[in-house]
Amino acid sequence: MKSLRITLGVAAIAIGSIAAFSFAPANTVNEDETGIFYVNPDDGSRGDQVIGQNECAGPQPDLCSQEYDLSTNQPTNDPSKMHYGERP
């Protein structure tokens, strides 16, 4: 009788643990991955990725680099991540 209680107790703990993990929310991250890329001066398309520090030089009004959403391949249009000048 004592071993039956121990067995049932262990089974209840195991079932409870499995149930707790099966109903736990999935670990989802809603943050989109982004990256800074140079802008091709000819057509405004996305160019090479900026590695290290941005090297856009000069006060030219042309867009040199900006942030892109990597899941959509579209610019984020975040003004703080748009750099103007001549592309290196």
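Preceding block: the structure.
Figured I'd write up the structure that's included with this text. (Residues numbered from 1 in each chain as written. Predicted model: local features only at pLDDT ≥ 70, side-chain atom pairs only at ≥ 80, totals over all residues. Heavy atoms only, no water.)

The next subject is the environment of Gly44. Along the chain, the position of Gly44 falls in the loop between strand E1 (34-39) and strand E2 (46-49). Along the backbone, Gly44 and Asp62 are 18 residues apart, and their C-alpha atoms lie at a distance of 9.6 Å. (Helix = DSSP H or I, 4+ residues; strand = E, 2+ residues; numbered from the N terminus.)

One pass over the structure, following the stated rule, counts 1 disulfide. Each disulfide pairs two cysteine sulfurs, and for Cys56 the partner residue is Cys64, the sulfurs being separated by 2.0 Å. Measuring handedness by torsion sign, the sulfur bridge of Cys56 and Cys64 sits at about -85° and is left-handed. Judged by its relative accessible area of 1%, Cys64 is buried. (Disulfide = S-S within 2.5 Å. Buried < 20%, exposed > 50% of the residue type's maximum accessible area, 1.4 Å probe, protein only.)

With the rule as written, the count across this model stands at 1 aromatic pair. Between Phe37 and Tyr68 the ring centres are 5.8 Å apart and the planes differ by 85°, which places this aromatic pair in the edge-to-face class. Remark: Tyr68 occurs in strand E3 (residues 63-69) and Phe37 occurs in strand E1; sequence separation between them is 31 residues. Overall, the relative accessible area of 8% leaves Phe37 in the buried class. In this structure, Arg46 packs its charged tip against the face of Tyr68, placed 5.7 Å from the ring centre. (Phe/Tyr/Trp six-rings, centres within 6.5 Å; stacked < 30°, edge-to-face > 60°. Lys NZ or Arg CZ within 6 Å of the ring centre and 35° of its normal.)

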